[in-house]
Amino acid sequence: MLGRRPLPSRRVPRIAIAALLAAAAPARADDRFAEVPRLPDWIRGVARYKAFVYPDEGRQENDRVRNQVEADLELAPSLDPLLPGLRAETLFRAVWDDEHLSAGVFDERDERRPIATFREAFLAWEHDALELRVGRQIFAWGKADLFNPTDTLNPRDYTDLLDNEKIGVDALTARWFASERLAVEAVFVPVLFTPNRLPPRGARYDLVPPDFPIRIADRDIPPDTLASSQYGVRLSGTVPEADLDWALTGHHGFDHWPNLKLRVRRLPQPPFFEPLLEPFYKKQDVAGLTLSRVFGPLEAHGEAGYFFHSERSEDEYVHYVAGGNWRKATLADDADELFLVLEYAGLAPTDRRAPGVIPGVWTTIFRSALLARARYSWNGGDLVVETTAALLLHGEDSQYVQAKAAYRVFEWLKLTVGTDILSGSKDSFFGQFRDDDRGFLFLEASF
Amino acid sequence: MIVRLLPGTTALALAAILVAPPLAPRSRAADAPPDAREIIARVKASRAEGERRELEMEILPKRGRSSKRKLVVLTHSRDGEDRMLVRFVEPHDVARLGLLTIQRRGEEDDQHIYVPTLKKTKRIAASNRTDLFAATDFSYEDLRAENLDAHAYRLLGEETAGGERCYKIEATPRTEEERQSSGYSRREILVSTKRPVILEIRMFDKRAGTLVKVARFSDVRDVGGHPKAHRVEMENRPRESRTVAITTSWTVDRDLKADDLTPFKLERGN
């Protein structure tokens, strides 16, 4: 008799009920699909354990092991009884680690990542071709695979530079699906500006070198006024006859990366003056264009953002990425798949930098970079081996390579092991972290 | 034709029965062989414009562990255009992943994927029709709507499948494109003589001409006046594995429009 194992996930409690059924019921061909009490599909959860192991103390002389535990609870109930077409989506995240990288709760603007927060929490209402959303949201603009210069609405949490993710923003969104070929999206992020969360001072991957001679002042975050509101518009289209997708985007808001302003602080005693670097966030506008087309087994895409400023006092440039992906199924076995991505990211300045502002190198890490990914998936994802690489070609060369393998132990349990390797000269972006290579292990249980 | 009204028969089912002629065309002489293409056309027509299915699939390899997929499938068919949205529910690491396939007559398939972890919808190179769907024993070709224009159909006789008398129909690629893209040299399709439903398909390899796959359909129930097999078992002989697909819910979705199955709306939960 094959397949007597019950569906392990979404059954409550899985093991007890499965054992009870197996003992009580005679084996029949379709018992595997017998009805068992389940959690509704709108409730999901993931418990995640992460361990990072570093062979070296690194430039900040940090601990060699970091343990981290995360729990996600996702609720997406339909609220049709209240109002037809209404639903809610929330993703609650709790995180703890033994390196004290997390602190406080719910405040996404804190320099430390919150121990508990809502990554997303919004109400969505659909009526005919219109959808409205209000609440904390995560957006994903752009069609490129590894780097999206037009995806500027959300800040990112770089508490762990190499294990980063987007931070939700509190926004109002309206989407109008004008036809099956055209959609319009308007986003308004009122008052509150949330910057990128940088690695904490002294932590691994701190972007400020430990021997940096000038003190960094507190962040100068734009005031919580209506003038700090951001908005964005996206027109997306698809042309089936040409296998083509396109998008035009516009975002008026802020650069989520800080720029640094040099200030001098008076001291009551010698040396009487102290130089300070003050992080601040400049307003910016981004006009974007995205194209994606399929040529047989190849998907090719291009994405470009023109970064400019209404006051014309800052740098202006075009940040772009061009590349493609290719996938091939049925290699060693019919259920396997190989997926390859190759992209080139570049930056072309179009106007001069404002005097007195120290270049925000983080904003434009991919001034000239090759990005690549190779993924091989066995048996529909039971085992996935993936390598991702970023080669920075601007200035001093530096490289980052991540290799990992994810194994689906059970349908509800996944084990991932991998390594992050950074190399290059000490003055290069990735090279500054060359003593911070690491191995990692993730264990992820979902229900 | 006498139709006996059964208790609980819905008005829609009745309408379908009354409107639809019996599977073997009665206009012909009683001993005249039924037209094979017409039988397949009747099977293809026996569906609603919009349908919603909840599926559980279990892949049972000869060696190694079995694995399961739980899916929601929305289909919309109209004017020679077929749209299918597959939304994964399980396994959890791919939950909410959506795959939209749009088939237009005489054109390459359009395929778009929504990856929930990235919140991104992307156009992807359409799968080869011979590729396996989600590592099951079904290929994309097996999931497509039957393309009547691309095949020649021939009645081979009658045979019993699933306890029912069936027409045994051979389908062979008729167009050069179909010959190129299909993984099969021919198929034997067993259609019930009593109702427009397929009960077995035998698929023969393109190169060697050997039997490579057998799909057995059972648990036929009425869905909106159309008989639908709620259980399919696909036996894949070269792989030495089987996939059992059970439809746990199959409903006609009258509100489903072609506009609901577009790349823009892939992100929504459905």
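Residues numbered from 1 in each chain as written. Chains lettered and ligands numbered in written order. Predicted model: local features only at pLDDT ≥ 70, side-chain atom pairs only at ≥ 80, totals over all residues. Heavy atoms only, no water.

Points about the overall build of chain A
Then, in step 1: Scanning chain A from terminus to terminus reveals 1 helix and 24 strands.
Then, in step 2: Buried positions account for 47% of the 447 residues belonging to chain A.
Then, in step 3: Pairs at least 24 apart in sequence give 59% of the contacts found in chain A among residues at least 6 apart. (Helix = DSSP H or I, 4+ residues; strand = E, 2+ residues; numbered from the N terminus. Buried < 20%, exposed > 50% of the residue type's maximum accessible area, 1.4 Å probe, protein only. Contact = heavy atoms within 4.5 Å.)

A few points about the side chain of A:His251
Residues and elements named next belong to chain A.
Then, in step 1: With respect to the helices and strands, the residue His251 is situated in strand 12 (residues 244-254).
Then, in step 2: On the basis of relative accessibility, which here comes to 3%, the residue His251 falls in the buried class.
Then, in step 3: Separated by 2.8 Å, the side chains of His251 and Thr152 make a polar contact.
Then, in step 4: Excluding residues within four positions of it along the chain, His251 makes contact with Thr152, Leu153, Gln230, Tyr231, Gly232, Gln284, Asp285 and Val286. (Polar contact = N/O pair within 3.5 Å; in protein donor to acceptor, adjacent residues only side chain to side chain.)

A word on empty space enclosed by the protein
All names here are of chain B.
Then, in step 1: Under the definition given, this model contains 9 cavities of 30 Å³ or more.
Then, in step 2: Here the second largest cavity is characterised by a volume of approximately 1,300 Å³.
Then, in step 3: Around the second largest cavity, the lining comprises 49 residues; the ones closest to its centre are Arg53, Asp142, Leu143, Arg144 and Ala145.
Then, in step 4: Here the lining of the second largest cavity is composed, by residue class, of 27 nonpolar, 8 polar and 14 charged. (1 Å grid on protein atoms, 1.4 Å probe; cavity = no way out; pocket = protein on both sides within 12 Å on 5 of 7 lines; lining within 4 Å. Points joined across faces, edges and corners; volume = space filled by probe spheres on them. Nonpolar A, V, L, I, M, F, W, Y, C, P; charged D, E, K, R; others polar.)

Digging into helix 2 (residues 36-45) of chain B
Residues and elements named next belong to chain B.
Then, in step 1: Among all positions in helix 2, only Ala36, Ile39, Ile40, Arg42 and Val43 are buried. When helix 2 is viewed along its axis, its buried side chains cluster within an angular range of 155° and face the same direction.
Then, in step 2: Where helix 2 is buried, its residues meet strand 7 (151-161), strand 8 (164-173), strand 9 (184-192) and strand 10 (198-205).
Then, in step 3: Of the residues that open helix 2, the one with a side-chain oxygen 3.3 Å from the backbone nitrogen of Arg37 is Asp35. (Arc of directions from axis to C-beta.)

Overview of the packing of aromatic side chains
All names here are of chain A.
Then, in step 1: Counted under the stated rule, the structure contains 20 aromatic pairs over all chains.
Then, in step 2: On the numbers, 5.3 Å between centres and 65° between planes, the contact of Phe429 with Phe430 is edge-to-face. Comparing Phe429 with Phe430 shows no difference in burial state: the two are buried.
Then, in step 3: Cluster of aromatic residues (ring-pair linked, three or more members): Tyr205, Tyr400, Phe429, Phe430 and Phe433.
Then, in step 4: Sitting over the face of the ring of Phe442, Lys50 holds its NZ or CZ atom 4.9 Å from the ring centroid. (Phe/Tyr/Trp six-rings, centres within 6.5 Å; stacked < 30°, edge-to-face > 60°. Lys NZ or Arg CZ within 6 Å of the ring centre and 35° of its normal.)

With respect to the nonpolar core
Then, in step 1: In this structure, B:Leu71, B:Phe133, B:Ile169 and B:Val191 are the most contacted members of the largest nonpolar core, which totals 37 residues.
Then, in step 2: The leading source of residues in this core is helix 2 of chain B, at 4 residues.
Then, in step 3: With residues up to four places along the chain from it excluded, the contact list for B:Leu71 reads B:Arg53, B:Glu54, B:Leu55, B:Met57, B:Val86, B:Arg87, B:Phe88, B:Val89 and B:Phe133.
Then, in step 4: Within the second largest apolar cluster, 24 residues are counted, among which are A:Leu162, A:Ala345, A:Leu371 and A:Phe433. (Core = buried A, V, L, I, M, F, W, Y, C linked by side-chain atoms within 4.5 Å.)

Here's the deal with the interface of chain A and chain B
A common way to express how large an interface is: the accessible area buried when the components associate.
Then, in step 1: Contacts between the two partners involve 69 residues from chain A, matched on the other side by 48 residues from chain B.
Then, in step 2: Across the chain A-chain B interface, the total number found is 9 salt bridges.
Then, in step 3: Here B:Arg123 makes a salt bridge to A:Asp245, at a shortest N to O gap of 2.9 Å.
Then, in step 4: There are 16 residue pairs in polar contact (both at pLDDT 80 or more) connecting chain A and chain B. (Salt bridge = Lys/Arg side-chain N within 4 Å of Asp/Glu carboxyl O.)

Details of the confidence of the model for chain B
Residue and element names in this part refer to chain B.
Then, in step 1: On average, chain B scores 82 in pLDDT, and the residues at 70 or more come to 86%.
Then, in step 2: When the criterion is pLDDT under 50, residues 1-22 qualifies, and its contacts beyond four places in sequence or with other chains add up to 13 contacts.
Then, in step 3: Every residue in residues 24-29 scores below 50 in pLDDT, and together they form 8 contacts with partners more than four places removed in sequence or on other chains. (pLDDT = per-residue confidence, 0-100.)

As for the pattern of salt bridges
Then, in step 1: In this structure the tally under the stated criterion is 77 salt bridges over all chains.
Then, in step 2: One salt bridge connects A:Glu70 with A:Lys50, and the closest N-O pair in it is separated by 3.1 Å. Of this pair, A:Glu70 sits in strand 2 (residues 65-75) while A:Lys50 sits in strand 1 (residues 43-53); the two residues are 20 residues apart in sequence, bridging distant segments of the chain.
Then, in step 3: Accessibility expressed as a relative area gives 7% for A:Lys50, which makes it buried.
Then, in step 4: B:Arg242 is paired through a salt bridge with B:Glu233; the nearest N and O atoms lie 2.7 Å apart.
Then, in step 5: Of the residues examined, B:Arg242 reaches a relative accessible area of 23% and is grouped as partly exposed.
Then, in step 6: Overall, B:Glu233 belongs to the buried group, its relative accessible area being 14%.

What about the environment of A:Thr117?
Residues and elements named next belong to chain A.
Then, in step 1: Tracing the chain through its elements places Thr117 in strand 4 (residues 116-127).
Then, in step 2: The sequence separation of Thr117 and Asp107 amounts to 10 residues, and the corresponding C-alpha distance is 7.3 Å.
Then, in step 3: With residues up to four places along the chain from it excluded, the contact list for Thr117 reads Leu91, Phe92, Arg93, Phe106, Glu108 and Arg136.
Then, in step 4: A polar atom in the side chain of Thr117 sits 3.1 Å from the side chain of Glu108.

Some details on the pairing of strand 22 (residues 398-410) of chain A
All names here are of chain A.
Then, in step 1: Sheet topology note: the strand 21 (residues 383-392)/strand 22 ladder contains 10 bridges and is antiparallel. Along strand 22, the bridge assignment pairs Ala390 with Tyr400.
Then, in step 2: Linking two consecutive strands that pair antiparallel, namely strand 21 and strand 22, is a turn of 5 residues; a positive phi of about 65° is found at Gly395 within it.
Then, in step 3: Pairing geometry for strand 22 and strand 23 (residues 413-424), over 12 bridges, is antiparallel. (Pairing = 2+ DSSP bridges.)

So, the pairing of strand 4 of chain A
Moving residue by residue along a regular strand, the side chains alternate between the two faces of the sheet.
All names here are of chain A.
Then, in step 1: Across 9 bridges, the pairing between strand 3 (residues 86-97) and strand 4 is antiparallel. Along strand 4, the bridge assignment pairs Ala94 with Ala116.
Then, in step 2: Two strands pair when backbone bridges link them, and strand 4 and strand 5 (residues 130-137) are joined in this way by 7 bridges, in the antiparallel orientation. Opposite Leu123, over in strand 5, you have Val134 as the bridge partner.
Then, in step 3: The turn linking strand 4 back onto strand 5 is made up of 2 residues, and Asp128 within it adopts a positive phi angle of 50°.

Observations regarding the side chain of A:Glu316
All names here are of chain A.
Then, in step 1: If you trace the backbone, Glu316 turns up in strand 17 (residues 316-329).
Then, in step 2: Within the local environment of Glu316, its side chain forms a polar contact with the side chain of Tyr306, the two groups lying 2.9 Å apart.
Then, in step 3: Setting aside chain neighbours within four positions, we find Glu316 in contact with Tyr306, Phe307, Phe308, His309, Pro349, Thr350 and Asp351.

Looking at the environment of B:Glu240
All names here are of chain B.
Then, in step 1: Mapped onto the fold, Glu240 is located in the loop between strand 12 (226-236) and strand 13 (241-252).
Then, in step 2: Along the chain, Glu240 and Lys213 lie 27 residues apart, while their C-alpha atoms are 9.9 Å from each other.
Then, in step 3: Beyond its immediate sequence surroundings of up to four residues, Glu240 is in contact with Pro61, Lys62 and Arg63.

Some points on unusual backbone geometry
Then, in step 1: Here A:Pro270 and A:Pro271 are connected by a cis peptide whose omega angle stands at 10°.
Then, in step 2: Relative to the assigned elements, A:Pro271 resides in the loop between strand 13 (259-266) and strand 14 (273-280).
Then, in step 3: Cis geometry is found at the peptide bond from B:Glu90 to B:Pro91, where omega equals 5°.
Then, in step 4: With respect to the element layout, B:Pro91 can be found in the loop between strand 3 (81-90) and strand 4 (98-104).
Then, in step 5: In this model, B:Lys119 sits at a positive phi of 55°, which is unusual for a non-glycine residue.
Then, in step 6: When you line up the elements, B:Lys119 lands in the loop between strand 5 (110-115) and strand 6 (120-124).
Then, in step 7: Despite not being glycine, B:Asp219 shows a phi value in the positive range, around 55°.
Then, in step 8: Among the secondary structure elements, B:Asp219 is positioned in strand 11 (residues 211-223).
Then, in step 9: Classification of B:Asp219 as partly exposed rests on a relative accessible area of 35%.

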